[in-house]
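Geometric and topological summary
Residue-level listing of the chains:
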Amino acid sequence: MFLRLALLILCLTTSSLSTPVHLSRHHPKYINRISRTSASTRPPSLEPGLDKNTALTAQAATLRKYQNAPALLAGQDTSLGYTIPPSLQDIYDRTSDHATNILFLKSQPNSLANTSPYLSSAFGVAGTRMLLTAANYSVTDPLTDETDQTDDYEYYGPLAFGSQGQALQIDFDTGSADLWVTAGCTACGSLLQFQTTGSNTYRNTAEPFSVTYGLGFVNGTLARDTVAMGHLVVPNQTFGVVDEVSLNFDESPSDGLAGLAFSTIARSQQPTFFENVMPQLDAPLFSVFMTRAQVHGSEILFGGIDVSKVIEEAVTWVQVISKTWWTVSMSGLWVNNTLVHTDFLLAIIDTGTSYTYVPSTVASNVYAQIPGSALAPEYGAGYYKYKCDPPVTGRYEADPTGRTCIGAIVGSDQFEFAILGVSFLKTYVTIFDYSHDGRVGFVKSITAQ
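Structural notes, computed from the coordinates.

1. Let's talk about the overall build of the protein
Secondary structure assignment for the protein yields 9 helices and 24 strands. Scored against the burial criterion, the 449 residues of the protein give a buried share of 59%. Here the analysis covers contacts within the protein between residues at least 6 apart in sequence; of these, 69% occur between residues at least 24 apart. When the accessible surface of the protein is summed, it comes to about 17100 Å², and 52% of that surface belongs to carbon and sulfur atoms.

2. Brief notes about unusual backbone geometry
With phi around 55 degrees, Phe344 is a residue other than glycine that occupies positive phi space. Considering the arrangement of structural elements, one finds Phe344 in strand β16 (residues 338-349). In the Ramachandran plot, His436 falls in the positive-phi region, its phi being about 55 degrees despite a non-glycine side chain. Within the fold, His436 resides in the loop between β23 (428-433) and β24 (439-444).

3. With respect to the side chain of Asp433
Mapped onto the fold, Asp433 is located in strand β23. What makes Asp433 buried here is its relative accessible area of 0%. Separated by 2.9 Å, the side chain of Asp433 and the backbone nitrogen of Ser435 make a polar contact. At 2.8 Å, the side chain of Asp433 and the side chain of Arg439 are in polar contact.

4. Some words on the pairing of strand β8 (residues 216-229)
Moving residue by residue along a regular strand, the side chains alternate between the two faces of the sheet. Most of β8 sits inside the fold, with 10 of its 14 residues counted as buried. For β8 and strand β9 (residues 232-245), the ladder comprises 11 bridges, and the chain directions are antiparallel. Paired with Arg224 across the two strands is Thr238, which belongs to β9. Once β8 ends, the chain turns through 2 residues before running back antiparallel as β9, passing Gly230 with a positive phi of about 60 degrees.

5. Some details on the layout of surface pockets
Looking at the largest pocket, its volume works out to about 480 Å³. In terms of lining residues, the largest pocket is bounded by 23 residues, among which Asn68, Leu72, Thr212, Ile265 and Arg267 are the most central. Looking at the lining of the largest pocket, the elements that each hand over two or more residues are α2 (52-65), α3 (69-73) and β7 (203-213). Take the lining of the largest pocket: its biggest share by element is 3 residues, from β7. Residues that form the lining of the largest pocket fall into these classes: 9 nonpolar, 9 polar and 5 charged.

6. Some words on the state of the cysteines
Tallying each qualifying case throughout the model produces 1 disulfide. Between the sulfur atoms of Cys185 and its disulfide partner Cys188 the distance amounts to 1.8 Å. Between Cys185 and Cys188, the disulfide has an S-S torsion of 85 degrees and is therefore right-handed.

7. Description of the pattern of salt bridges
Enumeration according to the criterion identifies 9 salt bridges in this entry. Close ionic contact of Asp350 with Lys65 constitutes a salt bridge, the shortest N to O distance being 2.9 Å. Of this pair, Asp350 sits in the loop between β16 and β17 (356-359) while Lys65 is found in helix α2, placing the two residues 285 residues apart along the sequence. Classification of Lys65 as buried rests on a relative accessible area of 16%. Across the pair Asp97 and Arg439 runs a salt bridge, and its minimum N-O distance is 3.0 Å. Taken together, the residues span a long stretch of sequence, with Asp97 in helix α4 (residues 86-99) and Arg439 in strand β24 at a distance of 342 residues. What makes Asp97 partly exposed here is its relative accessible area of 35%.

8. Concerning the environment of Leu281
Assignment of secondary structure puts Leu281 in the loop between α7 (273-277) and β11 (285-289). Taking the C-alpha atoms as reference points, Leu281 and Gly304, separated by 23 residues in sequence, lie 8.6 Å from one another.

9. Remarks on α4
Given a rise of 1.5 Å per residue, 14 residues ought to cover 20 Å, and the 20 Å separating the end C-alpha atoms of α4 matches this to within 8%. All of the buried residues in α4 are Leu88, Ile91, Tyr92, Asp93, Thr95, Ser96 and Ala99.

10. A short note on the nonpolar core
Leu159, Phe161, Phe274, Phe286, Phe302, Trp326 and Ile349 are the most contacted members of the largest nonpolar core, which has 69 residues in total. Residue contributions to this core peak at 5 residues, all from strand β15 (residues 326-335). Within the second largest apolar cluster, 23 residues are counted, among which are Ala55, Tyr355, Val410 and Phe415.

11. So, the environment of Ile170
Along the polypeptide, Ile170 turns up in strand β5 (residues 166-173). The buried category is assigned to Ile170, whose relative accessible area is 0%. Along the chain, Ile170 and Asp255 lie 85 residues apart, while their C-alpha atoms are 5.8 Å from each other. What Ile170 contacts, discounting residues up to four positions off in sequence, is Tyr155, Tyr156, Gly157, Leu159, Phe161, Trp180, Val181, Ser254, Gly256, Leu257 and Ala258.

The rules we used
Residues numbered from 1 in each chain as written. Predicted model: local features only at pLDDT ≥ 70, side-chain atom pairs only at ≥ 80, totals over all residues. Heavy atoms only, no water. Helix = DSSP H or I, 4+ residues; strand = E, 2+ residues; numbered from the N terminus. Buried < 20%, exposed > 50% of the residue type's maximum accessible area, 1.4 Å probe, protein only. Contact = heavy atoms within 4.5 Å. Areas by Shrake-Rupley, 256 points an atom, 1.4 Å probe, with all protein chains shown as cover. Polar contact = N/O pair within 3.5 Å; in protein donor to acceptor, adjacent residues only side chain to side chain. Pairing = 2+ DSSP bridges. 1 Å grid on protein atoms, 1.4 Å probe; cavity = no way out; pocket = protein on both sides within 12 Å on 5 of 7 lines; lining within 4 Å. Points joined across faces, edges and corners; volume = space filled by probe spheres on them. Nonpolar A, V, L, I, M, F, W, Y, C, P; charged D, E, K, R; others polar. Disulfide = S-S within 2.5 Å. Salt bridge = Lys/Arg side-chain N within 4 Å of Asp/Glu carboxyl O. Expected span 1.5 Å × (residues − 1). Core = buried A, V, L, I, M, F, W, Y, C linked by side-chain atoms within 4.5 Å.

If you want it as structure tokens, here you go:
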């Protein structure tokens, strides 16, 4: 199935950010530290909203983050990565279907306590121990939304590290594949650091570790230790122990990052935390739900979906076509009830990117369907503006005062693929599933109401 998604435009007004800038390292106050733009140089009417420096920096960050994407999407410069054992593929397919059957789950109020009909035979534990159940083998990690009640900057939640189970706040990112925390860092600002001496299971490999993200970098070494989410425990997880971070990380409310893309693109060349924890789960998938302008309520769920967060009765599945990032094929976007064809464009599903990026020709065709829209070069190449009233069909925070909106879909001549970021994903509970040879599911969430 090819992805044909309705275009749900979120807008950036010139006086406030209606489309959230995801991740604190994209927050204007952190961007300003990197670009060395002082607050006094910014137009007062745009504070704390989107100005040219913020727009340009966010766009440049995404370009850097995906500068190697063409080679990686072509299967070059990738490692072998994790694969489901052939003997478990059929079982995982069925358990995944069971765990995402919304009608069944809603018809069974206590369905999360029901035994999975498949996993017991897969692991050969029937009669020798408690059967694997969704209640015991799925975990919901609550995410905190760093928000000013208008905009959303970062979603993060706890993981436990080391034999002491030290809780650290971690940003979950499907646009990368490495796990890291800080330790022994003398210039890491407010980040809470992992106390390696407090863990009797900690082992540092001394192998260099370095990752460059859109707006920054981290450097350190690789280590191995116990990492846990609730009762899901990986005793020998490989992760980066970072002693140097760029300025945009050192005041983030999160203490580290967990990459949830496929390990084929991991700089560590080791399985991700999710891939290691997968055999403990009721289904080989995780789902993400993001709130709007609410500190609490967002969540990431390993092993299932939270049906209380959805308003549709079935999941729309799209096949993964590159096991690097979560990459699917997109055939078109709906704008004001008009389908804009995209010629089966590759689309990366990224919880760590703020906006939605498409090739310039696609962006031009999209905004051609919006009366009065025009390029907004004052914000950078690829940005478009239009009147917020009347609102664009498909939703959202359209400004009733008639001010100018800046579209959250950005065109780029450097992209021959699309990146569906948080401005799009917050409309859905998004499911990232290793079964069925890899697929991504979308089901409209309560934030779409």
